[in-house]
Amino acid sequence: MTTLALLSTALLFGGMVLYSFGFAAFLFTALPAETAGPTIRRAFPHFYLFMIAGAALSAAFLIPTDPLSAAIMAAIALTTIPTRQFLMPAINAATDSGNKRRFGRLHGFSVGITLIHIVAAAYVLHRFIG
């Protein structure tokens, strides 16, 4: 069970880092903005589902051996749900209406949430070596 917990947590951490700092950045440097924007918009719902499922799976594997880490992973899963269901549509609406100020605030908030999730998953990974 510990191996599955480690692998699922590592997969989630790696996926979040790759998507946030690799894929999203790559799209905006490789494609014109009018193509990159809609492409990233189509990818984000899948990214959030990956996070919800990955964090929940990791939490389930961690329950027997590390309740604190399980709670952290469950918190990642649970806080990703409103991010996906409410914040992401609000960001899209701000983009569609041309409200750059609102987009900036909401996007900054979503980036902050994702960074907190990455740090939290890194902390759980660190607990495996402690």
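Each remark here, short or long, concerns the structure printed above.
These figures come from a predicted structure and were not determined experimentally.

Novice: Go over the packing of aromatic side chains, please, and point to the residues and values.
Specialist: Given two aromatic rings, one states the distance between the centres and the angle between the planes to describe the pair. Under the definition given, this model contains 6 aromatic pairs. Judged by centre distance (5.2 Å) and plane angle (35°), the ring pair of Tyr19 and Phe23 falls under tilted. Of this pair, Tyr19 and Phe23 are both found in helix α1 (residues 2-30), 4 residues apart, which corresponds to roughly one turn of the helix. Look at Tyr19 and you get buried, because its relative accessible area is 10%. A centroid spacing of 5.5 Å and a plane angle of 45° characterise the contact between Phe47 and Tyr48, whose relative ring orientation is tilted. Here Phe47 and Tyr48 have matching classes, each one buried. Feature note: the residues Tyr19, Phe23, Phe44, Phe47 and Tyr48 constitute an aromatic cluster, connected by ring pairs.

Rules used throughout
- Residues numbered from 1 in each chain as written.
- Predicted model: local features only at pLDDT ≥ 70, side-chain atom pairs only at ≥ 80, totals over all residues.
- Heavy atoms only, no water.
- Phe/Tyr/Trp six-rings, centres within 6.5 Å; stacked < 30°, edge-to-face > 60°.
- Helix = DSSP H or I, 4+ residues; strand = E, 2+ residues; numbered from the N terminus.
- Buried < 20%, exposed > 50% of the residue type's maximum accessible area, 1.4 Å probe, protein only.

This is a description of form; function is not addressed.
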